[in-house]
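Structural features, examined
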Amino acid sequence: MENMENLFSYSSVQYDIINHVLVLGVGAMMSGLAYFIMTIKDSSPRYRLTSVISSVVMVSAALILFNQQQSWQHAFAWDGNKWNPSATTFSNGFRYVNWSIDVPMLLTQLLIVLGVSGAAFRRRWVGLVVAGILMIYTGYVGQFYETTDITKLLIWGAISTVFMIYICYIVGISIAETNVSMPPKAARLAKALFWLLVVAWTLYPIAYLIPWLSPTPNGMVARQILYTIADITSKVIYGVMLGQLATRLSAAEGYEPARESMKSVIYGRD
Ligand code: RET
């Protein structure tokens, strides 16, 4: 019963919105999976691991979000007027544990598309993965205190944030370093990816702080909406952009995809 969602009764609208955004999340991950599988040959073989990794992330995220949605349905009972807590509970902790798969994957695929390799890859990769795991598990510990001890929530959250800042720094320098040797359009896309990552990832600590910022049923609705926006941007949109970057770099290296990319449909041929 550690999570604050279990402490409230919800109106039918509040309950439904949470149920619906969780299903939206599952749908986005399943769609992403289809997209990443079908666009794998838009890039040359050296970049294709990014589509593979995106697909892996989609499977893991779709499964956990489906589980969240099912457990939301079981955690409350309708009394004709309100949805009240039932004998089973809802927990956001599943998300944190699931991030142990997704966060290392998302960071690995970035290094691969940027073309970081050899000793530099190994050094950066270890740093990013270790910091990612520490960021997640310190936050995981902290979220157990959200209904009992806000000070502990804030302290663990602050520790976790140090690791997130370190990750953003390593990602930032990796993008800056590789930007110089990229064609201008690809370089711009890589910079946009950096900002997308920073903004999307920041939504997670905001969701973490909701029990402190707004300990109300509407706060809980806001939290699940924030999680869903963060999930779709940090996994699906991020994966699509990385795929586009891989396609551009492949084209600059002389690779000809079997068909046109969506970009050339929308903006005309380069
Ligand atoms: C926590 C705890 C509070 C402080 C910070 C956090 C950061 C979480 C992040 C999670 C990213 C997850 C992703 C999942 C994708 O699959 C743990 C909430 C900084 C950044 C990208």
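Think of each chain on its own: its residues are numbered from 1, step by step along the sequence as written. Note on the predicted model: pLDDT of at least 70 is required for a residue's local features to be given, and 80 or more for side-chain atom pairs to be given and counted; whole-chain, interface and lining totals, by contrast, use all residues. As a rule here, side-chain values cover all heavy atoms of the structure and leave hydrogens and water aside.

**Focus on the overall build of the protein**
Our working definition: Secondary structure elements are taken from DSSP: a helix is a run of H or I of four residues or more, a strand is a run of E of two residues or more, and numbering for both begins at the N terminus. Each radius of gyration is computed over the set of C-alpha atoms, and the globule rule expresses the reference value as 2.2 Å times the number of residues to the power 0.38. Exposure categories follow from relative accessible area, calculated using a 1.4 Å probe and restricted to protein chains: below 20% of the type maximum is buried, above 50% is exposed, and the middle band is partly exposed. It only takes one pair of heavy atoms within 4.5 Å for two residues to be counted as in contact.
A count of helical and extended segments in the protein gives eight helices and two strands. Each helix and strand of the protein, placed in order from N terminus to C terminus, yields the pattern α-α-β-β-α-α-α-α-α-α. Expected size for 270 residues packed as a compact globule is a radius of gyration near 18 Å; at 20 Å, the protein falls within 12% of this value. Considering the protein as a whole, with its 270 residues, one finds that 50% of them fall into the buried category. Looking at the protein alone, contacts between residues at least 24 apart form 79% of all its contacts between residues at least 6 apart.

**With respect to the environment of valine 265**
Assignment of secondary structure puts valine 265 in helix α8 (residues 262–267). Linking valine 265 and methionine 4, residues 261 residues apart in sequence, is a C-alpha distance of 46 Å.

**Side note on helix α4 (residues 118–143)**
This is how the line gets drawn: Every helix has an expected span of 1.5 Å times one less than the residues it contains.
Across its 26 residues, α4 extends 37 Å between first and last C-alpha, which sits within 8% of the 38 Å expected from 1.5 Å per residue. Of all the positions in α4, only Arg124, Gly127, Leu128, Val129, Ala131, Gly132, Met135, Ile136, Thr138, Gly139, Gly142 and Gln143 are classed as buried. Next to the buried residues of α4 lie α3 (93–114), α5 (150–179) and α6 (184–213).

**Regarding the pattern of salt bridges**
Rule in force here: Salt bridges are identified by distance alone: a Lys or Arg side-chain nitrogen within 4 Å of an Asp or Glu carboxyl oxygen.
As enumerated under the stated definition, the model contains eight salt bridges in all. When the shortest N-O distance is used, the salt bridge between arginine 95 and aspartate 231 registers 2.8 Å. Of this pair, arginine 95 sits in helix α3 while aspartate 231 sits in helix α7 (residues 217–252); the two residues are 136 residues apart in sequence, bridging distant segments of the chain. On the accessibility criterion, arginine 95 (2% relative accessible area) is buried. Put simply, aspartate 102 and lysine 235 hold a salt bridge, and the shortest N to O gap is 3.7 Å. Here lysine 235 lies in helix α7 and aspartate 102 lies in helix α3, a separation of 133 residues in the sequence. Overlapping salt bridges bring together Arg95, Asp102, Asp231 and Lys235 as one network.

**Quick look at the side chain of serine 54**
As for its position among the elements, serine 54 is in helix α2 (residues 49–74). Aside from chain neighbours lying at most four places away, what touches serine 54 is Phe36, Gln109 and Gly239.

**A closer look at the site of the ligand**
Heads up, the rule is: A cutoff of 4 Å decides nearness: a residue is near a molecule or strand if any of its heavy atoms lies inside that distance of it. Polar contacts, as used here, are pairs of N or O atoms within 3.5 Å; protein pairs need one atom able to donate a hydrogen and one able to accept it. Residues neighboring in sequence count only if both atoms are side-chain atoms. Under the convention used here, a 1.4 Å probe and the Shrake-Rupley method define accessible areas, while residue burial counts only the protein chains that appear. Put simply, Ala, Val, Leu, Ile, Met, Phe, Trp, Tyr, Cys and Pro go in the nonpolar bin, Asp, Glu, Lys and Arg in the charged bin, and everything else, Gly too, in the polar bin.
Within the structure, the ligand sits among 17 residues, and Trp99, Asp102, Ser160, Trp201 and Lys235 are positioned closest to it. Residue aspartate 102 places a side-chain N or O atom 3.3 Å away from an oxygen atom belonging to the ligand. Alone, the ligand offers 540 Å² of accessible surface; in the complex the protein occludes 100% of this. Elements with a minimum of two residues in the shell around the ligand: α3, α4, α5, α6 and α7. Among the elements that make up the shell around the ligand, the one with the highest residue count is α3 (five residues). Partitioned by chemical class, the residues of the shell around the ligand number 10 nonpolar, five polar and two charged.

**Points about the packing of helix α1 (residues 12–38) against α7**
Filter applied, for reference: Here, axes are lines fitted to C-alpha atoms. For helices the fit covers the stretch in contact, and angles between N-to-C directions go from 0 to 180 degrees. Throughout, the term roughly parallel applies to angles under 35 degrees, roughly antiparallel to angles over 145, roughly perpendicular to angles from 65 to 115, and oblique to all others.
Running from amino to carboxyl end, α1 crosses α7 at an angle of 10 degrees, the nearest separation of the two axes being 9 Å. On the basis of their axis angle, the class for α1 and α7 is roughly parallel. In the contact of α1 with α7, the residues fall into 16 nonpolar, eight polar and two charged.

**A look at the packing of α6 against α7**
Rules: For a crossing to be left-handed, the near helix must be turned anticlockwise from the far one by less than a right angle; the clockwise case is right-handed.
Packing of α6 against α7 leaves a shortest axis separation of 9 Å and a crossing angle of 165 degrees. Classified by the angle their axes make, α6 and α7 are roughly antiparallel. Where α6 crosses over α7, the two elements pack in a sense that is left-handed. For the contact of α6 with α7, the residue count by class is 28 nonpolar, four polar and five charged.

**So, the packing of aromatic side chains**
So the rule is basically this: Two rings belonging to Phe, Tyr or Trp (six-membered ring only in the last case) form a pair when the distance between their centres is within 6.5 Å. Interplanar angles under 30 degrees mark stacking, angles over 60 mark edge-to-face geometry, and anything in between is tilted.
All told, the structure shown has 18 aromatic pairs when counted by the stated rule. Between tyrosine 35 and phenylalanine 36, the ring centres sit 5.5 Å apart and the planes meet at 85 degrees, which makes this aromatic pair edge-to-face. Arranged with centres 6.5 Å apart and planes meeting at 75 degrees, the rings of tyrosine 137 and tyrosine 140 form a pair that is edge-to-face. Highlighted residues: tyrosine 137 and tyrosine 140, both in helix α4, separated by three residues, approximately one helical turn. For tyrosine 140, a relative accessible area of 25% gives the class partly exposed.

**Comments concerning the nonpolar core**
The condition is simple: To define a nonpolar core, start from buried Ala, Val, Leu, Ile, Met, Phe, Trp, Tyr and Cys residues and group those joined through side-chain atoms within 4.5 Å.
With 76 residues, the main nonpolar core has Trp201 and Leu245 as its most contacted residues. Of all elements in the fold, only α1, α2, α3, α4, α5, α6 and α7 reach the threshold of two or more residues within this core. The element best represented in this core is α6, accounting for 16 residues.

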